[in-house]
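Chain by chain, the residues run as shown.
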Amino acid sequence: MQTSKRLNRMALISFIFGLVALFSLGLYWALQTLIFPNQTVEFANRVILPIMDGSTTVRNFCALTALVSGIIALHQIKKAGQFEKGKLFAWIGIVLGSSWILFGIAVGIIFSLAKLLH
């Protein structure tokens, strides 16, 4: 008797949140070049930057969620044995989430050092 494997939900959550974090990178470019192409700097400061501040919060939340849910998914898949699948989704979520977290830390360090040196 052959049973089909079911996809681990946490792995899928990790994958989706990792993709949301990844696609939020292009939000500023899309807003400035596609949606509001001929606007002034004042308009960008008044409209686009507040949207980007919210986007940063969403991206950080999604990156952390992708990382944590991916790790949980790998543990659940290992525990379930041959009855669950989704390791690839979990690993993609872990890689995307941890990449954003490390990137954010690196940018923070670089800007802090630049501020100290000037």
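The rules we used
All residue numbers here refer to positions counted from 1 along the written sequence of the relevant chain. In keeping with the model being predicted, local features are shown solely for residues with a pLDDT of at least 70 and side-chain atom pairs are shown and tallied solely at 80 or more, while totals for entire chains, interfaces and linings include all residues. Side-chain numbers come from the whole structure's heavy atoms, not from hydrogens or water. For patch building, the residue pool is restricted to those with more than 30% relative accessible area and no salt bridge; the joining distance is 9 Å between like charges and 5 Å between nonpolar side chains (Val, Leu, Ile, Met, Phe, Trp, Tyr). Here the accessible surface of atoms and residues is derived via Shrake-Rupley with a 1.4 Å probe, and residues count as covered only by protein chains that are part of the display. Basic side-chain nitrogens of Lys or Arg form a salt bridge, by our definition, when they fall within 4 Å of a carboxyl oxygen of Asp or Glu. Under this rule, positive means Lys or Arg and negative means Asp or Glu; His and the chain ends count for nothing. For this purpose, a charge sits on NZ of Lys, CZ of Arg, CG of Asp or CD of Glu. Numbering of helices and strands runs from the N terminus; a helix is a DSSP stretch of H or I covering at least four residues, while a strand is a stretch of E covering at least two. Here, nonpolar core means buried Ala, Val, Leu, Ile, Met, Phe, Trp, Tyr and Cys residues that are tied together by side-chain atoms lying within 4.5 Å of each other. Here's how the labels work: a residue is buried when its accessible area is under 20% of the maximum for its type, exposed when over 50%, partly exposed in between, all with a 1.4 Å probe on protein chains only. Throughout, a contact is declared for two residues whenever any of their heavy atoms are within 4.5 Å. A helix is expected to span 1.5 Å for every residue after the first. An arc is given here, and it is the one of the directions from the helix axis to the C-beta atoms.

1. Side note on a positive patch on the surface
Alright, step 1. A grouping of Lys5, Lys78, Lys85 and Lys87 is seen on the molecular surface, where their side chains present a positively charged patch.
Alright, step 2. Within the secondary structure, Lys87 sits in helix α4 (residues 87-117).

2. Remarks on the nonpolar core
Alright, step 1. With seven residues, the main nonpolar core is built from Ala11, Leu67, Ala73, Leu74, Ile77, Ala90 and Ile94.
Alright, step 2. Elements that contribute at least two residues to this core include exactly α3 (41-80) and α4.
Alright, step 3. Top contributing element to this core by residue count: α3, with four residues.
Alright, step 4. Contacts of Leu74, omitting those with residues within four sequence positions, involve Lys87, Ala90, Trp91 and Ile94.

3. Examining helix α1 (residues 9-23)
Alright, step 1. The terminal C-alpha atoms of α1, which comprises 15 residues, lie 21 Å apart, in line with the 21 Å expected from a rise of 1.5 Å per residue.
Alright, step 2. Of all the positions in α1, only Ala11, Ser14, Gly18 and Ala21 are classed as buried. Within α1, the buried residues cover an arc of 90 degrees as seen down the axis, which keeps them to one side. For α1, the exposed residues lying more than 90 degrees away from the buried face are Arg9 and Phe23.

Any link to function would need more than the numbers given here.
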